[in-house]
Amino acid sequence: MAGDSLTINDAEDMESALTGWNADMSAVAVENMDNAEVPDDDFTDNYYDAYTPKTYIYITNDIALTKTLKIAGTIKLVIPEGETHTISREAGFSGPMFEIVSGGKLHLTTYTDREGNNVLDWVTNPGHIILDGGMSTGTDSLILVNGGEFYLTDGVTLTNNNANFMTAPPSESPNAEGGALCINRGTATISGGNITNNVANWYGGGIVVKGGKLTITGGTISGNAAGTYGGGIAVVNAGTMEMTAGIISGNTARGTNGGGGICLVGTGTSSIEGGKISGNTAADSNGGGIRLMGSKTLTITNCEISTNVAQKNGGGIYTESGTCTLSGNVVISGNTAKGIGEYFSAGGGGVYIKSGTFSMSGGTLSGNTYTGKMQDYPWDNGGQAIHAQKDFALSGTATISQENDVYLENTVKITVPAALTGSVPNITVSKPIADKVVIAATGSSVTASSLSAKFGLAPVLHDAGWSLRVSDGNLILQGTPLVPQNVSLSPYNSTCGNVTFTIGSGKGPAPTSVTITLTPEGGGDPITKKLTGIFPAGKTYNAPISGLKPGKAYAWKIEFESDAGTGTATGGASYRAPVPDKVTFVDAAGNDLPAPVTLPKNGNITIVAQVYNGSMLLPEENVAWSASGTAASIKSTTPASSILIGSSQGEVTLTATSSALASMQQTLQLKVTDEELQAVGIGSSPASPNPGKPVQITISAQSSTGTSFTGIPASTKITGPNGFEEIISSTTGNPVSFTPSISGTYTITTEVPLADGSILTKTTTIVVSAQSVPQPNTGSGSDSSSDNSYPIDRNGVANMGGTGITGVQFPSGTNGYVIVTSPATVSGPAEEKSYVTTTLTSPKTDGTVGITFSVPSATLTDNGLSVHDIALYRYIGGIWTQLPTSYLKEERGAAMYTASVSTGTGTFAIVYKKDGAVSVLQTTTEPTAAKTHTNNYATEATPTQTAVTGSGGITPDTTVTPTASSTLKEAPAPIAGLLIGLAAAGILRRRK
């Protein structure tokens, strides 16, 4: 076997040649190449006339191996210039192609001269070696390093191998990881070539380093996949790697551990000092480019980590534990964290720091993205550049670009241990709190003041009124809270007051709780109520507070808490709870009772007690009911009403006693006749009603002799074209009204219940004829409608119907008409767009007037408005003045509103105004010492309120968490009285 090389044409040539070579030397017996030991050919000059180790094997044909070649000496496989040959496995062979044991060296190269020098620099067409695993399942790695050395250079490809021992875990099948290359012990050096399209069922889709060291100075590792972690490379246990150049791209890690490009777990120190890690994916987990676990130490210098994707967190780098240090010219850009399946603590498009130690003294982060969604707070965007669950350090030239924010969870901060010339202009925090340390100057030569220009808060925090200030060597959060303003306390009834306040406008953290405290003058336990939630700027809130004692004076205040601190908004003068001094009676619809009150012996009547302090009605003031006489009996009572049923002819005395003041009581005489109700009548006016105009209905109840009874409860249902339906609760003898929307036939059905539970029923129809109905204008000009007059009914209500201004509520007892005209010369407010402008002429009256109006929902939608973006204005002294406006509800395609004003005469405009209306529904307050009082409170932020009462045996109020609808269930004064009046008048009623 003369010469200094061996030429192999096929597997049989390799086997016979190697066997003959070793036989000539008589050094090692080779048995059919089954795990053959191939030593250095260390023969002498005398044997071959020259001392040249035979380490070169020139491959001149494709080879299919049937056994593992165990390399114990130095072997270089070389392809001649211009040729490409493949080494593969014969069918039935699943072991490594080459195993390199201690003392062995295997070089895969494409051209080397006879002296062992690489001559690729002058070879114009180098050869190509392909180790092809055939993608057969259940195979081992292509190359197994077990104590020796492996070298991979340009022109060599390790591909299509599937390291997949499905029946046993890695501990039992130690070579089931590392799709192309498995390093158990020893070293591997990659200076060129490609490791591509390999698969590992467990980890290390391209390479696994379980021990020893991997050195990468060139080449490409791409398109590999791992079933658990380390799509390109997995460095586990005590294995290490060093990378100074090369490309790791397009690899994928599936499973829960991630690390699409590289995953490092275990112990030992690794470094990346150059090269590019790009386009890798953690398909089900974290760390699209790199994931660091265990107690590994990783230093990264002058490397590009770009366009990697993590299905969850850490698009570029995810540090679960260990130590990660970035320096030099590291570029982390264009990476993405999707946050899929993550609800909290998600993000980190560039870097996610879960734990361990992370520091950055050089490099830049830019163009990274987090595409998931965080909860609770508007600034929870997850961190485009960095999401940190643990403190980390920045110094030197470390720079994070303006569009990439750093997100700090809870108490996490950034430490600066040395001078910083870079900058971080965009910092967000999970929940901003006053005095939270954001930046800590920990280095002896670093001052907090010098860092002020280096760090900035995200715009969303600036917009919320937050900033950074220097304090004790740190940069901490500070904010000026929004303060409750226009604070007032007005009576609701003798045991309940209504607190109203508005949150100041401008920038600043909104209050997260508001506590109302009333302290009895002269001693006694204070009464408190706490409202919790988020209170947006510019909103007005109303909160009843119960448990007060009639005639008692209270000092009161409002205290607030916010993330920026606490404060107090004093209530001003003391508040004295009103004392009941008069009780009157009305029927169920709020109408005056006839004198005398007459009840048929088979009828029933509801008597409502109205308690006053002077001229001020005390709504829902509790009374105790009693009746003397046998002609009628009390069927049931509520705190303010009593239902009596007749039984026989005679008289009954009904007594209502104020629960707050026992000395305040009133009696009512009722006469029960010997007659029985037998018929119901329905009267309507006008005789020829028109669409959009009110129709008045009066229900009557008669006995067999024709005697009419007034004040008997009745329920009337009106149905009409296009699904029109209204149900009106009223009493006999007292007119109510409805407004037909279109022409057609309307059916009116009335039911009057009797004492024995039976019901008298009457049905009639009316025909509404078509006519042109004026419609409101949509610009700032005036109506084209002609003058119209509307009577004020017994309830003090003028009902216009339609859209625009629909009704006016006057104090009870007001008589006359409301005349509606179009303003001749006045247009709506110049700075705002108006829906309609109308002039009202009304009788003079003492007290508040309520104006109801509506705007079609389609009009709001067409103008991009919500139901809260409407306000009523009044033209006074040449100036348009905005009136307090409340949104009631949405009904039959229109949003309904009410506003209070001192007079019903003047020119009014319905204006498109951002947040011009607050939400109001009827109160559910039960303000007595003997009852549990439920205070419901809701805004767009759905605050919760909890009341804690003081002495006097008051039951603590229920804690209520309202729904997300934008409604207030507490009616503010004087809106509460207005709503009660509207309800009694039939303006507020149930519609389908």
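Residues numbered from 1 in each chain as written. Predicted model: local features only at pLDDT ≥ 70, side-chain atom pairs only at ≥ 80, totals over all residues. Heavy atoms only, no water.

Caption draft 1: How the structure looks around the overall build of the protein chain. Helices and strands together make up the secondary structure of the protein chain, namely 6 helices and 88 strands. Expressed as a percentage of the 992 residues in the protein chain, the buried residues total 53%. Here the contacts in the protein chain between residues at least 6 apart in sequence split such that 72% fall between residues at least 24 apart. Accessible surface, the protein chain as shown: approximately 37,500 Å² in total, 49% of it carbon and sulfur. (Helix = DSSP H or I, 4+ residues; strand = E, 2+ residues; numbered from the N terminus. Buried < 20%, exposed > 50% of the residue type's maximum accessible area, 1.4 Å probe, protein only. Contact = heavy atoms within 4.5 Å. Areas by Shrake-Rupley, 256 points an atom, 1.4 Å probe, with all protein chains shown as cover.)

Caption draft 2: Highlighting the sheet that holds strand S77 (residues 804–809). Strand order across the open sheet formed by 6 strands is S76-S77-S80-S84-S83-S86, with mixed pairing between neighbours. With partners counted over all chains shown, the strands left at the sheet margins are strand S76 (797–799) and strand S86 (917–919), one partner each. Mean inter-strand twist for the sheet, computed between neighbouring axes without regard to direction, equals 30 degrees. Relative to strand S84 (residues 894–901), strand S80 (residues 849–856) runs antiparallel, the two being bridged by 8 bridges. In the strand pairing of S84, Ile851 is matched with Ala899. (Pairing = 2+ DSSP bridges. Axes fitted to C-alpha atoms, helices over the stretch in contact; angles between N-to-C directions.)

Caption draft 3: Just the side chain of Thr240, in detail. Secondary-structure assignment places Thr240 in strand S22 (residues 240–243). Aside from chain neighbours lying at most four places away, what touches Thr240 is Val209, Gly212, Lys213, Leu214, Val235, Gly268, Thr269 and Ser270.

Caption draft 4: The arrangement of the sheet that holds strand S72 (residues 736–738) in detail. Strand order in the open sheet formed by 3 strands is S68-S69-S72, with antiparallel pairing between adjacent strands. Each edge of the open sheet carries a strand with a single partner, namely strand S68 (677–685) and S72. Neighbour to neighbour, the strand axes of the sheet diverge by 30 degrees on average, direction disregarded.

Caption draft 5: Representation of the packing of aromatic side chains. Per the counting criterion, the structure on display carries 11 aromatic pairs. Between Phe724 and Tyr746, the ring centres sit 5.4 Å apart and the planes meet at 80 degrees, which makes this aromatic pair edge-to-face. Of the two residues, Phe724 sits in the loop between strand S70 (713–719) and strand S71 (725–731) while Tyr746 sits in strand S73 (residues 744–753), which places them 22 residues apart along the sequence. Neither Phe724 nor Tyr746 differs from the other in exposure class; each is buried. Members of the aromatic cluster, each reached through a chain of ring pairs, are Phe501, Phe535 and Tyr541. (Phe/Tyr/Trp six-rings, centres within 6.5 Å; stacked < 30°, edge-to-face > 60°.)

Caption draft 6: View of the pairing of strand S30 (residues 297–301). In S30, alternate side chains face the same way, and those of Leu298 and Ile300 are buried while those of Thr297, Thr299 and Thr301 on the opposite face are not. Where strand S26 (residues 269–272) lies against S30, 4 bridges are found, and the strand directions are parallel. Paired with Ser270 across the two strands is Leu298, which belongs to S30. Strand direction decides the pairing type here: S30 and strand S34 (residues 323–327), joined by 5 bridges, are parallel. For Thr297, the partnering residue across the bridge sits in S34 and is Thr323.

Caption draft 7: Layout of the environment of Thr68. Looking at the element boundaries, Thr68 is found in the loop between strand S4 (63–65) and strand S5 (69–71). Distance from Thr68 to Ser94, taken between C-alpha atoms, is 9.1 Å for residues 26 residues apart in sequence.

Caption draft 8: Examining the pattern of salt bridges more closely. The full count for this structure, using the stated rule, is 14 salt bridges. Here Glu177 and Lys210 are joined by a salt bridge, their closest N and O atoms 2.9 Å apart. Here Lys210 lies in the loop between strand S17 (207–209) and strand S18 (213–216) and Glu177 lies in the loop between strand S13 (162–163) and strand S14 (181–190), a separation of 33 residues in the sequence. Both residues of the pair, Glu177 and Lys210, belong to the buried class. (Salt bridge = Lys/Arg side-chain N within 4 Å of Asp/Glu carboxyl O.)

Caption draft 9: Seen up close, the nonpolar core. Grouped together as the largest cluster of nonpolar side chains are 91 residues, with contacts concentrated most on Ile143, Phe150, Leu158, Ile300 and Phe455. Those residues in contact with Ile143, other than ones at most four positions away along the chain, are Phe98, Ile100, Leu106, Leu131, Phe150, Leu158, Ala180, Leu181 and Cys182. Counting 44 residues, the second-largest nonpolar core is a separate cluster that includes Leu599, Ile697, Ile728 and Phe738. (Core = buried A, V, L, I, M, F, W, Y, C linked by side-chain atoms within 4.5 Å.)

Caption draft 10: Representation of unusual backbone geometry in the model. Following Ser685, the chain continues to Pro686 via a peptide bond in cis, the omega torsion being 5 degrees. Tracing the sequence through the fold places Pro686 in the loop between S68 and strand S69 (695–703). Look at Asn197: it is not a glycine, yet its phi comes out positive at around 60 degrees. Examined against the element boundaries, Asn197 turns out to sit in the loop between strand S15 (194–196) and strand S16 (199–200). Backbone geometry places Asp435, a non-glycine residue, at a positive phi of 75 degrees. Considering the arrangement of structural elements, one finds Asp435 in the loop between strand S46 (424–429) and strand S47 (437–441). On the basis of relative accessibility, which here comes to 47%, the residue Asp435 falls in the partly exposed class.

Caption draft 11: Summary view of the confidence of the model for the protein chain. Per-residue confidence for the protein chain gives a mean pLDDT of 80, with 81% of residues at or over 70. For residues 772–787, every residue scores under 50 in pLDDT, and the model assigns this stretch 34 contacts once sequence neighbours within four places are set aside. (pLDDT = per-residue confidence, 0-100.)

Caption draft 12: Representation of the environment of Ile332 in the model. Mapped onto the elements, Ile332 comes out in strand S35 (residues 331–333). Using a relative accessible area of 0% as the deciding quantity, one classes Ile332 as buried. Non-local contacts of Ile332, meaning those with residues more than four positions away in its chain, are made with Ile305, Ile317, Leu326, Gly350, Val351, Thr364, Leu365, Ser366 and Asn368.

Caption draft 13: Examining the environment of Lys276 more closely. Along the polypeptide, Lys276 turns up in strand S27 (residues 276–278). Taking relative accessible area as the criterion, Lys276 reaches 32% and is therefore assigned partly exposed. Residues Lys276 and Thr244, spaced 32 residues apart in sequence, show a C-alpha to C-alpha distance of 9.6 Å. The residues touching Lys276, leaving out its near neighbours within four places in the chain, are Met243, Gly246, Ile247, Ile248, Glu304 and Ser306.

Caption draft 14: Quick peek at the pairing of strand S55 (residues 540–546). Within S55, 6 of the 7 residues are buried, which leaves the element mostly enclosed by the surrounding structure. As judged from the 7 bridges shared by strand S52 (residues 496–503) and S55, these two strands associate in the antiparallel manner. Residue Thr500 lies in a different strand from S55, and its bridge partner there is Asn542.

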